[in-house]
Amino acid sequence: MRGEGSVRAGQDGAPAAQGRAPKAAVLGTALLLCVLVAVLQVSTPPSSHIASVLVAVPAVISFGFGPPVIIGSAVAAVGIRWLLLPAEPQRIGSAIGTTVVICVIAALSCFVVRHVERETARLRKVVSVAETAQRAVLRPPPETLGHFRTAASYLAAAQYARIGGDLYAVADTEFGARALIGDVRGKGLDAVATAAAVLGSFHEAAYEEGTLGRLAGRLDTGLNRFPHDDEAFVTALLIQIAPDGHTEAYSCGHPPALVLHDGTVRELPAGTGLPLGLSTLTSAPADADGPRSARTLLRPGDTLLLYTDGIAETRNAAGTFYPLADRLSAYQRAHPPPVDPQHLLTWLLDDAQEYSCAETSDDAALLALAWPPGPGEGPGGRPARAWRHDDAPRPLRPSSSPERPSRSAETWEKMPPGTA
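Residues numbered from 1 in each chain as written. Predicted model: local features only at pLDDT ≥ 70, side-chain atom pairs only at ≥ 80, totals over all residues. Heavy atoms only, no water.

A. View of the overall build of the protein. Across its full length, the protein carries nine helices and 13 strands. Taken across its 420 residues, the protein has 46% of its residues classed as buried. Within the protein, counting contacts between residues at least 6 apart in sequence, those at least 24 apart form 73% of the total. Accessible surface computed for the protein: about 20400 Å², of which carbon and sulfur atoms make up 60%. (Helix = DSSP H or I, 4+ residues; strand = E, 2+ residues; numbered from the N terminus. Buried < 20%, exposed > 50% of the residue type's maximum accessible area, 1.4 Å probe, protein only. Contact = heavy atoms within 4.5 Å. Areas by Shrake-Rupley, 256 points an atom, 1.4 Å probe, with all protein chains shown as cover.)

Put into structure tokens, the structure is as follows:
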């Protein structure tokens, strides 16, 4: 899992023109070449043809400079060649031939460099338009959402891309703050189009549907109406947080959110259902209010982390999965509260990259919502009520497999590896 992406730094801006060496190194190489030719031409027999090496000077200069400098280097190389003629006065024909070759190579170098510059400028414009379109699809979350400070990060598997098949969104509605994170089966432009369809449905339905179950139904209906691969589906996790901290979660086959508090990491309970796009596989009658979500209570000082499997399924050289819960506990020990959500996500992506043994093959999205602690106060400035055991999210339990990251027992199993 190497490289950067996303809404975070690392893939910002257009790719630079590849293969252009530092100018100082290029100029130094060309000067060294000229000096060596001059010294060897004077100190070796005339039959050595050392002066012919000067034809390489314009080509060397083209690795770091544009046409004006290339032409200047060609003039300098021709001048040196004729200054060396007294060392072999009988080889005027060779000097003329070297001059012609230098001019031809200089002309070709100017043409190639100019073409590369034009293509680089065109690529920058295309990338700029693409980045604008990608930002329109995957909107950055607001800095605050209700009581929460928010942050999002994205690492796209495709080089130079800002988004891929993972998605996230937030909305401040009359039902409370709502958040979505999802993972589209597949990669590439088809996955981006599917993600855009789900996000479009969410930004409309999140303000209209009263329950997360009905909201999931709207997203599923919108995805099924969108022309896409018959085998395409989207795992998603929906979160709703009321102003008093009561939180609901509904998982459409997606890993559960994690709650960070006082050095602990817990799973947020979630109702479960099929991934979006697969509702046609079941014949069960639909509930008027949609499937039920699971409820819990968040407190000031809690941080909610939503993620996709691009993070949880990162492997090291031994093939062991990234220990997400353990690393989050380590982060809390090293960084005292309150949690800065953007710093948390930046640290987490960097840590996962260091843990990984190879280039990333899957997109990774992260969404964090941090509720700053209030001294002696509960939500909304009211005195904090007693924390009941049944309010607490489930603690993470050791995975049955030492290599697999912890997952909810009710989480829908995805298709075979590599299909999502």
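Let's pick the thread back up.
B. Seen up close, the side chain of Thr235. Turning to its location among the elements, Thr235 is positioned in strand E5 (residues 234–241). Its relative accessible area of 0% is what places Thr235 among the buried residues. Polar contacts involving the side chain of Thr235 include one to the side chain of His254, which spans 3.1 Å. (Polar contact = N/O pair within 3.5 Å; in protein donor to acceptor, adjacent residues only side chain to side chain.)

C. Just the packing of helix H8 (residues 324–334) against helix H9 (residues 341–355), in detail. Here H8 crosses H9 at 130 degrees, and the two axes come no closer than 11 Å. Here H8 is positioned oblique relative to H9, judged by the angle of their axes. Note that H8 runs across H9; the crossing there is right-handed. Every residue of H9 that contacts H8 at Leu324, Arg327, Leu328 and Tyr331 is listed here: His343, Leu344, Trp347, Leu348 and Asp351. Across the contact of H8 with H9, the residue classes tally to six nonpolar, one polar and two charged. (Axes fitted to C-alpha atoms, helices over the stretch in contact; angles between N-to-C directions. Parallel < 35°, antiparallel > 145°, perpendicular 65-115°, else oblique. Left-handed = near helix turned anticlockwise from the far one by under 90°. Nonpolar A, V, L, I, M, F, W, Y, C, P; charged D, E, K, R; others polar.)

D. Seen up close, the pattern of salt bridges. The final tally for this structure, using the stated rule, is nine salt bridges. With a shortest N-O distance of 3.1 Å, Glu119 and Arg122 are connected by a salt bridge. With Glu119 and Arg122 both in helix H4 (residues 92–137) and three residues apart, this pair spans about one turn of that helix. Residue classification places Glu119 among the partly exposed positions, given a relative accessible area of 34%. Of the charged contacts in the structure, one is a salt bridge between Arg295 and Glu248, with a shortest N-O distance of 3.5 Å. Of the two residues, Arg295 sits in strand E10 (residues 294–297) while Glu248 sits in strand E6 (residues 246–252), which places them 47 residues apart along the sequence. Looking at Arg295, the relative accessible area reads 65%, which means it is exposed. For Glu248, a relative accessible area of 15% gives the class buried. (Salt bridge = Lys/Arg side-chain N within 4 Å of Asp/Glu carboxyl O.)

E. Layout of unusual backbone geometry. Cis peptide bonds are those with omega within 30 degrees of zero, and the linkage from Pro337 to Pro338 qualifies with 0 degrees. Tracing the backbone through its elements, the reader meets Pro338 in the loop between H8 and H9.

F. View of the nonpolar core. Counting 49 residues, the largest nonpolar core has Leu167, Leu180, Phe202, Ile239, Leu304 and Leu306 as the members making the most contacts within it. Ignoring sequence-local partners within four residues, the contact set of Leu306 consists of Ala179, Ile181, Leu237, Ile239, Ala257, Ala365, Leu366, Leu367 and Leu369. If you look at the next biggest cluster of nonpolar residues, it comprises 23 residues, including Leu328, Tyr331, Leu348 and Ala364. (Core = buried A, V, L, I, M, F, W, Y, C linked by side-chain atoms within 4.5 Å.)

G. Region of the structure containing the packing of aromatic side chains. The tally for this structure, following the rule as stated, stands at three aromatic pairs. Between Tyr331 and Trp347, the ring centres sit 5.0 Å apart and the planes meet at 50 degrees, which makes this aromatic pair tilted. Note that Tyr331 is positioned in helix H8 and Trp347 in helix H9, a separation of 16 residues in sequence. Like Trp347, Tyr331 is buried. (Phe/Tyr/Trp six-rings, centres within 6.5 Å; stacked < 30°, edge-to-face > 60°.)

H. Geometry of the packing of helix H5 (residues 188–205) against helix H6 (residues 212–225). Closest axis-to-axis distance for the H5/H6 pair is 9 Å, and the angle between their directions is 140 degrees. In terms of orientation, H5 lies oblique with respect to H6. In this structure, H5 crosses over H6, and the sense of that crossing is right-handed. Contact residues: Thr194, Val198, Ser201, Phe202, Glu204 and Ala205 in H5; Leu215, Arg218, Leu219, Gly222 and Leu223 in H6. Looking at the contact of H5 with H6 residue by residue, the class counts come to six nonpolar, three polar and two charged.

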